[in-house]
Amino acid sequence: MTEQSKKRELLGIITSDKMDKTVSVTVERLEKHSVFKKYIRKRTKYMAHDEKNECRMGDKVLIRECRPLSKDKCWRVVNILERQE
């Protein structure tokens, strides 16, 4: 019995869709400061593969880790959770 390896999944907002079959996704997370114990909002930008060019700027998407598709791209858009109007 083979188990599928667990891939990381992240929620983010699309910040750029100007490339062909590629979108730029910004993911926010909260981290606690080690000294001051306050929560700091940190952002990371990922390049994700969008096969059908469906995503638009401002859409909320779910991305999943995959094999490297190019130099910067190793994430895929799984589905669009919320559309930007």
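Here's what I pulled together on the structure shown here. Worth saying up front: this structure is predicted, and the values here are computed from it rather than measured. (Residues numbered from 1 in each chain as written. Predicted model: local features only at pLDDT ≥ 70, side-chain atom pairs only at ≥ 80, totals over all residues. Heavy atoms only, no water.)

### Focus on the state of the cysteines
The tally for this structure, following the rule as stated, stands at 0 disulfides. Not part of a disulfide, Cys-55 finds its nearest cysteine sulfur in Cys-66, a span of 14 Å. Overall, the relative accessible area of 2% leaves Cys-55 in the buried class. Left unpaired, Cys-66 is separated from the closest cysteine sulfur, that of Cys-74, by 6.6 Å. Residue Cys-66 is classed as buried on the basis of its relative accessible area of 16%. (Disulfide = S-S within 2.5 Å. Buried < 20%, exposed > 50% of the residue type's maximum accessible area, 1.4 Å probe, protein only.)

### Some remarks on the sheet that holds strand S4 (residues 60-65)
Strand pairing in a sheet relies on backbone hydrogen bonds. The paired strands run either parallel or antiparallel. Taking strand neighbours around the barrel as the criterion, the 5 strands line up as S1-S2-S3-S5-S4 in a closed arrangement whose pairing is mixed. Averaged over all pairs of adjacent strands, the angle between their axes in this sheet comes to 50°, without regard to strand direction. In this structure, strand S2 (residues 22-32) lies alongside strand S3 (residues 39-49), joined through 11 bridges in antiparallel fashion. Bridging from a neighbouring strand, Val-23 pairs with Ala-48 of S3. (Pairing = 2+ DSSP bridges. Helix = DSSP H or I, 4+ residues; strand = E, 2+ residues; numbered from the N terminus. Axes fitted to C-alpha atoms, helices over the stretch in contact; angles between N-to-C directions.)

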